[in-house]
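# Structural features, examined
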2 protein chains.
Amino acid sequence: MLTIGDLSRRTGVKIPTIRYYEQMGLLAPPERSEGNQRRYTPEERDRLAFIKHARDLGLKIEAIRELIELSGHPNRQCVDADRIAAEQLQAVRDKINRLRRLERELARIATGCEGEQIKDCYVFRALASHDLCDDEH
Amino acid sequence: MLTIGDLSRRTGVKIPTIRYYEQMGLLAPPERSEGNQRRYTPEERDRLAFIKHARDLGLKIEAIRELIELSGHPNRQCVDADRIAAEQLQAVRDKINRLRRLERELARIATGCEGEQIKDCYVFRALASHDLCDDEH
DNA sequence: CATGTGACCTCAAGCTGCTGGAGGGTCAAG
DNA sequence: CTTGACCCTCCAGCAGCTTGAGGTCACATG
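Since this is a predicted model, take the numbers as computed values, not measurements. (Residues numbered from 1 in each chain as written. Chains lettered and ligands numbered in written order. Predicted model: local features only at pLDDT ≥ 70, side-chain atom pairs only at ≥ 80, totals over all residues. Heavy atoms only, no water.)

### Observations concerning helix 2 (residues 15-23) of chain A
Side chains of residues three or four places apart in an α-helix project in the same direction, reflecting 3.6 residues per turn. Residue and element names in this part refer to chain A. Selection rule: For the exposure calls, accessible area comes from a 1.4 Å probe over protein chains only, and a residue counts as buried if that area is under 20% of its type's maximum, exposed if over 50%, partly exposed in between. Strands here are runs of E lasting at least two residues and helices are runs of H or I lasting at least four, both read from the DSSP assignment and numbered beginning at the N terminus. Starting at the helix axis, one direction is taken to each C-beta atom, and the arc is that of these directions. By definition in these notes, contact holds between two residues if any of their heavy atoms fall within 4.5 Å.
Looking at helix 2, one finds that the buried residues are Ile 18, Tyr 21 and Glu 22. Considered in projection along helix 2, the buried side chains sweep an arc of 105° and stay on one side of the axis. The exposed set on the far side of helix 2, more than 90 degrees from its buried face, consists of Pro 16 and Gln 23. Packing partners of the buried residues in helix 2 comprise helix 1 (4-11), strand 2 (31-32), strand 3 (38-40), helix 3 (42-56) and helix 4 (61-71). Looking one or two places after helix 2, you find Gly 25, whose phi comes out positive at around 85°.

Encoded structure:
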């Protein structure tokens with residue numbers, strides 16, 4: 001049986017976050033000690049690791065809740081799990097594309113400045129209008 | 001003189017957001033009509049456009065506040081503005097790199113699933129442990 | 001057995017950057 | 001003068017935590 005502190009150290013999830021996940025219904029309320037402290041089983045540790053992994057991959061709490069719900073029906077087809085992963089992949093790809101556009105513009109802005117005075121600074125001129133941008137946004 | 005609605009339409013910033021920026025000190029409290037409604041000058045519209053552009057580029061409110069403060073000292077050197085832009089560029093690049101790793105892993109997870117039953121689904125196996133990952137994260 | 005200290009408990013508020021609603025006042029056209 | 005679009009303030013809510021206050025528990029040491 002693990003205390004919440006043990007669990008935190010082993011999964012890298014902070015203690016308040018563990019309690020938060022419990023409150024959000026991602027983790028079932030665990031057993032308690034005589035003195036009302038949480039005690040976790042190795043299975044619960046695995047589940048938290050699953051949650052953390054999914055969060056690190058950017059899945060929303062709601063999506064994780066869905067996955068957990070699905071995992072309670074091991075004999076159903078897994079199209080839904082597939083869909084969740086694919087949606088997340090698409091979201092990540094979209095985000096990368098948006099960030100790449102930002103990167104281009106920022107690189108231009110940041111290198112356009114050459115230590116002059118603020119009133120002439122390229123950073124300000126670039127931010128003040130879109131005329132200097134390569135594309136719309 | 002522009003009403004808040006005009007300003008909103010011209011800049012693409014929603015009305016409550018404009019009021020929020022005022023509250024956060026990014027926009028100075030504008031003049032008011034006899035009936036206490038906000039009236040904006042073209043200069044204030046330019047400033048809001050600047051803020052929006054910076055936000056679109058992902059700059060935090062705090063960074064924008066710093067830039068605005070700097071723009072009040074047009075004769076100082078612009079190294080700080082340069083630094084803010086460079087930091088933001090670095091942050092964006094870091095984010096892109098992290099997302100690319102996610103993309104790789106998600107692509108693998110999403111394509112590893114081939115419509116089997118949940119108990120065998122690759123999505124779950126991949127999320128349950130890091131053993132199937134290509135790199136640490 | 002007392003005591004110290006570190007880990008734990010609950011509850012509530014705070015964070016960022018908005019967004020939306022309630023309940024009311026204002027403005028300009030007709 | 002009325003109508004309807006617009007505006008006002010204040011307050012609550014979103015995600016996903018994080019932090020703090022004020023108190024209890026577990027366990028090692030004296």
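Next comes the rest of the write-up.
### Here's the deal with the domain arrangement of chain A
All names here are of chain A. The condition that has to hold: How far each domain reaches was decided by an automatic or database domain assignment. The quantity reported as buried area is the accessible area (1.4 Å probe) lost by two parts once they are put together, taken as the sum for both. Think of a salt bridge as a Lys or Arg side-chain nitrogen and an Asp or Glu carboxyl oxygen that are within 4 Å of each other. Polar contacts, as used here, are pairs of N or O atoms within 3.5 Å; protein pairs need one atom able to donate a hydrogen and one able to accept it. Residues neighboring in sequence count only if both atoms are side-chain atoms.
When cut into domains, chain A gives domain 1 (1-72) and domain 2 (77-137). Summarising the inter-unit geometry, the C-alpha centres of domain 1 and domain 2 are found 35 Å apart. Taken together, the contact between domain 1 and domain 2 spans seven residues of the former and five residues of the latter. Roughly 470 Å² of surface becomes buried between domain 1 and domain 2 when both sides are summed, with 67% attributable to carbon and sulfur atoms. Here domain 1 and domain 2 share one salt bridge between them. For the interface between domain 1 and domain 2, the tally reads three residue pairs in polar contact (both at pLDDT 80 or more).

### Here we look at helix 3 (residues 42-56) of chain B
The condition that has to hold: Multiply 1.5 Å by the residue count of a helix minus one, and that product is the helix's expected span.
The end-to-end C-alpha distance of helix 3 of chain B is 21 Å, a good match for the 21 Å that 15 residues give at a rise of 1.5 Å each. Looking only at helix 3 of chain B, the buried set comprises Leu 48, Phe 50, Ile 51, His 53 and Ala 54 of chain B. At its buried positions, helix 3 of chain B is contacted by helix 5 (79-112) and helix 6 (122-128) of chain A together with helix 1 (4-11), helix 2 (15-23) and helix 4 (61-71) of chain B. Backbone geometry just after helix 3 of chain B places Gly 58 of chain B at a positive phi near 90°.

### Thoughts on the sheet that holds strand 1 (residues 2-3) of chain A
To be explicit about the condition: When DSSP finds two or more bridges between two strands, those strands count as paired.
Strand order across the open sheet formed by three strands is 1-3-2 (chain A), with antiparallel pairing between neighbours. The open sheet has two edge strands, strand 1 and strand 2 of chain A, and neither has a second partner.

### Structural notes on the packing of aromatic side chains
Here the distance between the centres and the angle between the planes together describe a pair of aromatic rings. Rules: For this analysis, a ring pair means two rings from Phe, Tyr or Trp (six-membered ring only for Trp) whose centres lie within 6.5 Å, classed as stacked if their planes differ by under 30 degrees, edge-to-face if by over 60, and tilted for the remaining angles.
Per the stated rule, a full pass over the model turns up four aromatic pairs over all chains. With centroids separated by 6.2 Å and ring planes inclined at 15°, the aromatic side chains of Phe 124 of chain A and Phe 50 of chain B adopt a geometry described as stacked. Here Phe 50 of chain B lies in helix 3 and Phe 124 of chain A lies in helix 6, a pairing that spans two chains. As far as the burial class goes, Phe 124 of chain A and Phe 50 of chain B line up, both buried.

### A short note on the relation of the copies chain A and chain B
Stated precisely, the cut-off is as follows: Only residues with pLDDT of at least 70 in both copies contribute their C-alpha atoms to the least-squares superposition of the copies.
Here chain A sits on chain B after a turn of 179° about the axis and a move of 0.0 Å along it, with an RMSD of 0.4 Å. The transformation just described matches what one would write down for a two-fold rotation axis. Nearest to the rotation axis, the C-alpha of Ile 96 of chain A is located 3.2 Å from it, this being the minimum over chain A. Interface overlap between copies is the fraction of interface residues in one copy that are interface residues in the other; for chain A against chain B it reaches 100%, indicating a shared surface.

### A closer look at the interface of chain A and chain B
Contact residues are listed per partner, giving 50 residues for chain A and 50 residues for chain B. Note on chain A versus chain B: buried area summed over both sides is about 4,600 Å², and carbon and sulfur give 73% of it. In terms of surface lost to chain B, no three residues of chain A exceed His 53, Ile 118 and Leu 127 of chain A, which account for 15% of the buried area on that side. Note that Glu 103 of chain A and Arg 93 of chain B form a salt bridge whose closest N and O atoms lie 2.8 Å from each other. One can count four residue pairs in polar contact (both at pLDDT 80 or more) joining chain A with chain B. Secondary-structure elements contributing two or more residues to the side of chain A that touches chain B are helix 3, helix 4, helix 5 and helix 6 of chain A. The dominant element in the side of chain A that touches chain B, judged by the number of residues it contributes, is helix 5 of chain A, at 19 residues.

### Quick notes on the protein's contact with DNA strand D
In plain terms, the rule: Summary of the distance rule: residues count as near a molecule or strand when at least one heavy atom falls within 4 Å of that molecule or strand. Each residue gets one of three labels, nonpolar for Ala, Val, Leu, Ile, Met, Phe, Trp, Tyr, Cys and Pro, charged for Asp, Glu, Lys and Arg, and polar for the others, Gly among them.
Contacts to DNA strand D come from 20 residues, most closely from Thr 17 and Arg 55 of chain A together with Thr 3, Gly 5 and Arg 19 of chain B. At the protein interface, 85% of the atoms of DNA strand D within 4 Å belong to sugar or phosphate. Here a phosphate oxygen of DNA strand D sits 2.7 Å away from a polar atom, N or O, in the main chain of Gly 5 of chain B. A distance of 2.8 Å is found between a phosphate oxygen of DNA strand D and a backbone nitrogen or oxygen belonging to Arg 38 of chain B. Mapped onto the surface near DNA strand D, the elements with two or more residues apiece are helix 2 of chain A together with helix 1 and helix 2 of chain B. Among the elements that take part in the surface near DNA strand D, helix 2 of chain A stands out by supplying four residues, more than any other. When grouped by side-chain class, the residues that make up the surface near DNA strand D number six nonpolar, eight polar and six charged.

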